[in-house]
Amino acid sequence: MKRPARPCSAFLALTFSILMLPIALAAQGEGMAPGGTPTPGRPTTDQQMSGEAVFYQNCTFCHEHDAQKRRLVAQFLGPTLIGLYKAKNPSDDVARALILNGIPKRMTGFRYTLIAKEVDDLIAYLKIR
Amino acid sequence: MARFRYMALLGALAVAWLAAGLPVASQAPQGGILRGAIKAQDGKPLEGVAVSARANGSIITTSVWTNQRGEYVFPAMPAGAYDVWAQAVGFTRTVATPKLAGSGTVQQDFTLPPFAEMWRQFDDIEWYESLPGNTPEDKGMEGRMKRVIHHNCSTQCHNTGYLMGKRYSRADWELVWERMSRWSGFRADPPYDGEDITEKARGAEYEDDIPGGGKFTDKMLDPEGKPMGAQRRILQFYREDLIDYLTRVRGPEDYPIQWKPLPRPTGERASHVVIEYHVPEGGTIRRLDPKTGTFTVFNLGRDGSTTKVENPPFYLNPYRDGHDWARGGRNQFQELGQHDIRVGKDGYVYLPPGIGRDLDPQGNVWFSTNGAVKFDVKAEKFSVFPLPKGYEGMHNGKGIDSQGNYWAATAAGAYKLDPATGTWTLYPSVTPLGRPYGLTVDREDKAWFAQISVDKVGYVDGRTGDVGEVTLPPITDEPMTEEDKKVNRGWTWNQPLYGRGPRRLQADPRGDYVWVASHFGGYLSKIHIRTKQLTDYKLPGAFRFGSPYEPVIDKTGMLWLAMSNTDHVARFDPKTERFTFYPLPTRSTNARNIDVDNTPAVPEPWLPQQQGGKVARVQLRPNLR
């Protein structure tokens, strides 16, 4: 299967700022559990469903939080990405660059793992997460 | 394209269910017959192909396998429109949409095109079998690194295929190692269950204890200055070899892996039926009525009250349930999974939360990791028996003796709760810090618990209070270096190559043996409940590293074994001492626990899928063909 082309590194500064979005932005996500905890938005299209599966296969260790993770690996956790596109609307190129390249010593890059369609689906899901 | 059209259809259905909150359809035993033949593009019949059918709007999927003529036949299914798909490793999953009438037969044939990237469809042990065993990191010991990965990176938070399906640069594998060793490095016992952790356990969490007792003499501190603990020591020992191996085999450069798919099932191994039920969201305990395929959810409130929800909501994403093998492996945190199961005495199947459960003599369901919770199946109410303040919580195994006492494994040994008085008694294990895990009670009221970190099985005689233990011999039949043999033990998720890791066990309710599954070493063992004599059975071939998890013995004396590192359920005949491995139709199930319904003439094992969001019922039909 065809792998995605490596994106321009000029996007990296922007992507870093996205990754560092404060977790508080998550409060703008699609749902809210009792107690004010934001819950991810749920997909409504086939592509978003596929993207949700990609997300849960590759992203959840750092981007889904629970009490155990906050206690044991808090320094590794990234933002939950809930409401990311409502808080700040990154372009697809920016999101793709971050997914493929990662961030040195903070986030693994998925350019050797994900094919182009999987990245597209993941971005479609992130838009409604 | 057919695959994606099918996915779109399923996705639309899932959304419709969510939006409308409609009850799901049921599946009755009467109806039409669906059958057909499957061939490859060269026209040759394909044996051992999985064929699955799900009616539109149903949460139930039924699966069968083709015979040597490439033919399949389903049991009678209700009238309606179905999605039917056929798949086998190396072939493209192909979908049809036949309609079944209330009676009569529908013929649905398939021709399967080849699928080039077969590794995307692999079972975890197909990944294990395919990994190279003679790299420089193997140090001349065939398969050393495969087993290092099996013993340290495939221990059921995720399995082999989930890890090896990924490819990273060296820097990123180093990052993965760092995070995983941090995650695994904390001491896993006493319990660590987030908000429920006791102050005592929290204080002991980073102690540098040796499994079996004592302190490490060579202090190893992590970057934060805390003792590393037994598990991270192992990962530290293998750090360079692991990163080198992973970068070599699953790095930026293509490595010439020789893919080794399992032979497709034939004969008896392809003559079974698997019926899978999607599990609804939420609830303290979920109850399935197998006759109608409907769920009821019961919730335990903070005030001890019980609420009941009929026709609970489902969240179904067809890309996440493992029915399309080419979507690859998942991890246990990914899905709406289910760990435990108990087939009730009242015809229902119960899915309790957490880890560890049993039925009392009246058929009530007991569970919980911090104290005990009883679900009265007739009154449909919960009762809570809290642990006294200051008592460490418990983990994993639970059991009920003939007097109705509740037993549970804990860090120091085993607890007994007398529900009549609410009295808890601790029985310390002979070997301390052995990480008591699974627990079972035999028919003479001995509570047995597996000590996963020291390869021992402890017991408490519930009638006398005597305690003892049985030692399982280490693994010596797999090549390892002298340094490998000197690595210290871990607690749960990390083990040296010589470690067996007895994890779950079950007493035969009608016999004189306790059966023990050694998760890491790939052994099934039986221990006589009076003589304590140990007999070992090594799992054969590729299934050796399928991570046997929990056994259960049916009314005919046949043993069924859940396996978490392969999508198979094993049957072991104690008379012939022969294993038979039946495939499951979902990929990356991570099925751990198991129970058996002894009501039918031929008992039926039930397996919850930790990663598939389903529970599976396996029916043998040896006389069908």
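Keep in mind that what you see is a predicted model, and the values were worked out from it rather than measured. (Residues numbered from 1 in each chain as written. Chains lettered and ligands numbered in written order. Predicted model: local features only at pLDDT ≥ 70, side-chain atom pairs only at ≥ 80, totals over all residues.)

Colleague: What exactly am I supposed to notice about the overall build of chain A here?
Modeller: Broken down by element type, chain A carries 7 helices and 2 strands. Listing every helix and strand of chain A by position from the N terminus yields α-β-β-α-α-α-α-α-α. Across the 129 residues in chain A, those meeting the buried criterion constitute 45%. Contacts in chain A between residues at least 24 apart in sequence constitute 69% of all its contacts with a sequence separation of at least 6. (Helix = DSSP H or I, 4+ residues; strand = E, 2+ residues; numbered from the N terminus. Buried ≥ 20, exposed ≤ 12 C-beta atoms within 10 Å, placed from the backbone. Contact = placed C-beta atoms within 7 Å.)

Colleague: Can you help me understand the interface of chain B and chain A in this one?
Modeller: Accessible area lost upon the coming together of the parts serves often as the stated size of an interface. With 30 residues of chain B at the contact, the number on the chain A side is 23 residues. Of all the elements in the fold, those that place two or more residues in the side of chain B that touches chain A are helix 1 (2-20) and helix 5 (170-185) of chain B. A per-element tally of the side of chain B that touches chain A places helix 5 of chain B first, with 7 residues. Of the residues contributing to the side of chain B that touches chain A, the split by class is 14 nonpolar, 6 polar and 10 charged. (Nonpolar A, V, L, I, M, F, W, Y, C, P; charged D, E, K, R; others polar.)

Colleague: Could you clarify how one ought to interpret the sheet that holds strand 25 (residues 446-451) of chain B in this entry?
Modeller: Hydrogen bonds between backbone groups are what pair the strands of a sheet, and the pairing can be parallel or antiparallel. Residue and element names in this part refer to chain B. Overall, antiparallel pairing links the 4 strands, which are arranged 24-25-26-27 in an open sheet. Among the strands making up the open sheet, the edge pair consists of strand 24 (436-441) and strand 27 (467-471). Averaged over all pairs of adjacent strands, the angle between strand axes in this sheet comes to 25°, irrespective of strand direction. Direction of pairing for strand 25 relative to strand 26 (residues 456-461): antiparallel, over a ladder of 6 bridges. Looking at the pairing, Trp-448 lines up with Tyr-459 of strand 26. (Pairing = 2+ DSSP bridges. Axes fitted to C-alpha atoms, helices over the stretch in contact; angles between N-to-C directions.)

Colleague: Can you help me understand the domain arrangement of chain B in this one?
Modeller: Residues and elements named next belong to chain B. Taken domain by domain, chain B comprises domain 1 (2-116), domain 2 (120-250) and domain 3 (267-619). For domain 2 versus domain 3, the separation of C-alpha centres amounts to 24 Å. Every contact between the two is made by 49 residues of domain 2 and, on the other side, 50 residues of domain 3. At the level of secondary structure, the elements contributing two or more residues to the side of domain 2 that touches domain 3 comprise helix 2 (124-130), helix 3 (144-153), helix 4 (160-164), helix 6 (199-204) and helix 7 (229-237). Across the side of domain 2 that touches domain 3, the residue classes break down as 16 nonpolar, 18 polar and 15 charged. (Domains from an automatic or database assignment.)

Colleague: How do you make sense of the packing of helix 6 (residues 92-101) of chain A against helix 7 (residues 116-126) of chain A when you look at a structure like this?
Modeller: Two quantities define a packed helix pair, namely the angle between the helix axes and the distance between the axes. Residues and elements named next belong to chain A. The geometry of helix 6 relative to helix 7 is characterised by a closest axis approach of 10 Å and an angle of 115° between their N-to-C directions. The hand of the helix 6/helix 7 crossing is right-handed. Counting all contacts with helix 6, which are made through Asp-92, Ala-95, Arg-96, Ile-99 and Leu-100, the residues of helix 7 involved are Val-119, Leu-122, Ile-123 and Leu-126. Tallied by class, residues from the contact of helix 6 with helix 7 come to 7 nonpolar, no polar and 2 charged. (Left-handed = near helix turned anticlockwise from the far one by under 90°.)

Colleague: Which parts of the structure should I look at to understand the packing of helix 2 (residues 46-58) of chain A against helix 7 of chain A?
Modeller: All names here are of chain A. Where helix 2 contacts helix 7, the two axes come as close as 7 Å, and the packing angle between them is 100°. Taken together, the axes of helix 2 and helix 7 are roughly perpendicular relative to one another. On helix 7, the residues touching Gln-47, Gln-48, Ser-50, Gly-51, Glu-52, Val-54 and Phe-55 of helix 2 are Glu-118, Asp-121, Leu-122, Ile-123, Ala-124 and Tyr-125. Classifying every residue of the contact of helix 2 with helix 7 gives 6 nonpolar, 4 polar and 3 charged. (Parallel < 35°, antiparallel > 145°, perpendicular 65-115°, else oblique.)

Colleague: Whenever I open this one, the confidence of the model for chain B confuses me. Can you help?
Modeller: All names here are of chain B. Mean pLDDT over chain B: 90, with 90% of residues reaching 70 or higher. Segment residues 1-28: pLDDT under 50, and 45 contacts once partners within four positions in sequence are set aside and those in other chains are kept. Across residues 188-198, where pLDDT falls below 50, the model places 33 contacts with residues more than four positions away in sequence or in other chains. The ipTM, which scores confidence in the relative placement of chains, is 0.91 for this predicted complex, and the corresponding pTM is 0.91. (pLDDT = per-residue confidence, 0-100.)

Colleague: I would appreciate a short explanation of the nonpolar core in the present structure.
Modeller: Core analysis: the biggest nonpolar cluster contains 129 residues, and Ala414(B), Leu561(B), Val569(B) and Val615(B) have the highest contact counts within it. Among the elements that make up this core, the one with the highest residue count is strand 33 (residues 559-563) of chain B (5 residues). In this view, Val569(B) contacts Trp560(B), Leu561(B), Ala562(B), Met563(B), Tyr582(B), Leu584(B), Pro605(B), Leu607(B) and Val618(B); residues no more than four positions away in its chain are not counted. The next biggest cluster of nonpolar side chains, apart from the first, holds 27 residues, and it includes Cys62(A), Ala97(A), Phe110(A) and Leu114(A). (Core = buried A, V, L, I, M, F, W, Y, C linked by C-beta atoms within 7 Å.)

Colleague: Help me understand the confidence of the model for chain A in this model?
Modeller: Model confidence for chain A is summarised by a mean pLDDT of 78, while 72% of its residues fall at 70 or above. When the elements of chain A are averaged for pLDDT, helix 1 (residues 12-19) of chain A gives the smallest value, 33, and helix 7 of chain A the largest, 98.

Colleague: Honestly, the sheet that holds strand 18 (residues 372-376) of chain B in this entry has me stumped. Any pointers?
Modeller: All names here are of chain B. Read from one edge of the open sheet, 4 strands run 16-17-18-19, paired in antiparallel fashion. The sheet is open, and its two borders are formed by strand 16 (357-359) and strand 19 (381-385), each paired with just one other strand. Averaged over all neighbouring strand pairs, the angle between strand axes comes to 20°, with direction disregarded. Relative to strand 17 (residues 365-367), strand 16 is paired through 3 bridges, and the arrangement is antiparallel. By the bridge assignment for strand 17, Asp-358 is matched with Trp-366.

Colleague: Looking at this structure, how should I read unusual backbone geometry?
Modeller: Residues and elements named next belong to chain B. With a phi close to 90°, Gln-156 is a non-glycine residue in the positive phi region. Along the chain, Gln-156 turns up in the loop between helix 3 and helix 4. For Gln-156, a count of 19 C-beta atoms within 10 Å translates into the label partly exposed. Even without a glycine there, the phi angle at Glu-380 is positive, about 55°. With respect to the helices and strands, the residue Glu-380 is situated in the loop between strand 18 and strand 19. Residue Glu-380 is classed as partly exposed on the basis of its C-beta count, with 13 C-beta atoms lying within 10 Å.

Colleague: Looking at this structure, how should I read the pairing of strand 5 (residues 80-87) of chain B?
Modeller: On a regular strand, one side chain projects to one face of the sheet and the next to the other, so that they alternate. Residues and elements named next belong to chain B. Where burial is concerned, most of strand 5 is hidden: 6 out of the 8 residues are buried. Judged from the 6 bridges that link them, strand 2 (residues 50-55) and strand 5 form a sheet pairing that is antiparallel. Residue Val-51 lies in a different strand from strand 5, and its bridge partner there is Ala-86. With 2 bridges joining them, strand 5 and strand 7 (residues 99-100) adopt antiparallel strand pairing. When the sheet's bridge partners are listed, Gly-80 is paired in strand 7 with Leu-100. In terms of strand pairing, strand 5 meets strand 6 (residues 94-96) through 3 bridges, oriented antiparallel. In the strand pairing of strand 6, Ala-86 is matched with Thr-94.

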